[in-house]
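Residue-level listing of the chains:
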Amino acid sequence: MAKQTFIKGTMILIFAGLIVKILGFINKIIVVRIIGEVGYGLFTMAFPTLLLTVTLTQLGLPVAISKMVSEAESLGDREKIKRILVISLTTTGILSIVFTTAMVLLVPPLAHIIFTDDRVMYPLLAISPIVPIVALSSVIRGYFQGRQRMGAIGISQIIEQVVRVSFSALLATALLPYGVAAAAAGAIIANVLGELGSLLYMFTTFKMSKKMKIRKGFWGYVKGGRKTFNDLMQVALPATGSRLIGSLTYFFEPIVIARSLAIAGVSTTLATKMYGELAGLALAFLTLPSFITYSLSVSLVPTISEAAAQNRYDIIQYRLHQAMKISMITGGLAVVVTYVFATPLMKIMYGAPHVAVYVKLMAPFFFIFYFQPPLQATLQALNHARAAMMNTIFGAAMKITVIFVFASQFGIIGAALGYVVNVVLVTMLHFATVVKSMGFTLVLRDYGKGLLCITATALFASILQAHALQTVALLPKTCLMILAVVLFYFILVVTSGLIKGEEVAQIPFIGKWGLKWLK
């Protein structure tokens, strides 16, 4: 599988991410309707534990492997690449044994003591098989990222989601007669099976594409791999710290919110339902386009690491500017659509138009969220992962504090404010750190154009919404309005010169046609 350029690799991941998000939302709609809001609340309570488990098992190695493989690739050092893979496989193998055992032993008391709802034990137990799967897939994924083979990663993501969607409804329906807790556990098991399907594809592709025998001299590389291990940990531990803080915060969120709402006089069942609506529906909806910024961050780490190894700081500046511009364009459109069409979209997707209150409150602030992943990826690629981790820790502490103080006083709206504070604070801290570390400067003209395009599109969308025909059914009417808004926005973006011809030409499948149209 051929190496892709930054734009081409990013676009491949974006297309894959779009398919994954669409399938994910279809899956979520089906699961919510099968197991109900209480069942989905149990699933949402268990899901942070799944993310925490994945974070601990990976130990930040995908980022570290990607960075180090990219640097070794730029120097033509294939021996170093093999050493990186051997040490990474050994590390994740040991971790998978430890964490699988710990999960099986700790889940029952964890569910009874910490969570307010004992039924969450069954979804939590369903998580444990994912540990060894994630351990192996994280190493292979980091290898493909480092060699900038984004096609393999994109296909694996699609396979993962297809398997997950295929089994979610099946298992949730089959287990529903045994209670909503069992049905929620079935939805978790579908996530495990999705990870397994992704791993099988990546492992097969890796076996077919690699030009080295991992097993040959394996223990010799392990014995002499202290320096490689230390180099990996120098990047991996701070990267893990950032993800771990996020996962730990996500883990404690339902606990803190449930306790805070209890102080505010909200019953346990209602608190579970409200948390499911806020975190499982509203937040997931607001972060729908985050697959674009995730794709940018995955592509940025090896690209910037390679440029830094060659002392090409002009390339680093250029790539970061490209990533920030794409984040602005996509984030602006996302904010307009989620804010203006919040009520009809929540009614269409979840049958819960009242959730639009949370969406409208948070949407304007989430514009800045789309800049966060590329900024963090840049810090990690430039050996400033520790600074990124400290920013994340500070933002997480503020989020939990705000959630506890405001949710206990104002209910679930106070929890929503905690999310907003975290997004704005961490992004601004990341940006300040990037500026300090590499002297990055914004091209203000591009951001001025972007804000004008976003403002004009917001006005256009509001006018459409206000004058929409009431006789047309909600689904086709909303889809047509969103399509009109998207076309209007991208006409403004293209005519303003925010998208360059050289960038359009690198888009897979449609690049040449798009360049001709642009000219």
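Numbers given for residues are sequential positions, taken from 1 along each chain in its written order. Only residues with pLDDT of 70 or above have their local features reported here, since the model is predicted, and side-chain atom pairs are shown and tallied only from 80 upward, although totals for entire chains, interfaces and linings are computed over all residues. Hydrogens and waters are ignored; side-chain quantities use all the structure's heavy atoms.

(A) Representation of the overall build of the protein within the structure. Counting its regular elements, the protein contains 21 helices and 0 strands. Note on contacts: a residue pair is in contact if any heavy atoms of the two residues lie within 4.5 Å. Long-range pairs, those at least 24 residues apart, make up 85% of the contacts in the protein between residues at least 6 apart in sequence. Under the convention used here, a 1.4 Å probe and the Shrake-Rupley method define accessible areas, while residue burial counts only the protein chains that appear. In the structure as shown, the protein presents an accessible area of about 21800 Å², 71% of it carried by carbon and sulfur atoms. Secondary structure elements are defined from DSSP: runs of H or I of at least 4 residues count as helices, runs of E of at least 2 residues count as strands, and each element is numbered from the N terminus.

(B) Structural context of the environment of Phe431. Relative to the assigned elements, Phe431 resides in helix H17 (residues 412–438). Sequence separation of Phe431 and Gln372 is 59 residues, and the distance between their C-alpha atoms is 8.1 Å.

(C) Molecular detail of the packing of helix H12 (residues 313–340) against H17. Between H12 and H17, the least distance of the axes is 13 Å, while the angle of their chain directions is 165°. Considering the angle they form, H12 stands roughly antiparallel to H17. Relative to H17, the crossing made by H12 is left-handed. Facing Ile316, Gln317, Leu320 and Met324 of H12, the residues of H17 in contact are Phe431, Val434 and Met438. In terms of residue class, the contact of H12 with H17 is made up of 6 nonpolar, 1 polar and no charged. In this analysis an axis means a line fitted to C-alpha atoms, helices contributing only their contacting stretch, and an angle means the value between N-to-C directions, from 0 to 180 degrees. Roughly parallel means an angle under 35 degrees; roughly antiparallel, over 145; roughly perpendicular, 65 to 115; everything else is oblique. Rotating anticlockwise by less than a right angle from the far helix to the near helix defines a left-handed crossing, while the corresponding clockwise rotation defines a right-handed one. Residue type decides the class: Asp, Glu, Lys and Arg count as charged, Ala, Val, Leu, Ile, Met, Phe, Trp, Tyr, Cys and Pro as nonpolar, and the leftover types, Gly among them, as polar.

(D) Looking closely at the environment of Val335. With respect to the element layout, Val335 can be found in helix H12. As for Val335 and Phe367, which are separated by 32 residues in sequence, their C-alpha atoms are 6.1 Å apart. Once you skip the residues sitting within four places of it in the chain, Val335 turns out to touch Ala363, Pro364, Phe366 and Phe367.

(E) Structural context of the nonpolar core. The nonpolar core is taken to be a set of buried Ala, Val, Leu, Ile, Met, Phe, Trp, Tyr and Cys residues, with the residues joined through side-chain atoms within 4.5 Å. Relative accessibility thresholds used throughout: buried, under 20% of the residue-type maximum; exposed, over 50%; partly exposed, between the two (1.4 Å probe, protein chains only). Counting residues in each nonpolar core, the largest one holds 145 residues, and the members touching the most others are Leu232, Phe341 and Met362. Here this core gets 15 residues from one element, more than from any other, and that element is helix H1 (residues 6–58). Residues in contact with Met362, not counting those within four places in the same chain, are Leu278, Ala282, Leu283, Leu286, Ala416, Tyr419 and Val420.

(F) Summary view of a nonpolar patch on the surface. A cluster of nonpolar side chains, namely Ile263, Val357, Phe404, Val405, Phe406, Phe410, Ile413 and Leu417, defines an oily patch on the protein surface of about 710 Å² accessible area. With 4 residues, helix H16 (residues 385–410) is the largest single contributor of residues to the nonpolar patch. Relative to the assigned elements, Phe410 resides in helix H16. Exposure above 30% relative accessible area and the lack of any salt bridge qualify a residue for a patch; like charges then connect within 9 Å, and the nonpolar side chains Val, Leu, Ile, Met, Phe, Trp and Tyr within 5 Å. We define a salt bridge as a contact between a side-chain nitrogen of Lys or Arg and a carboxyl oxygen of Asp or Glu at a distance within 4 Å.

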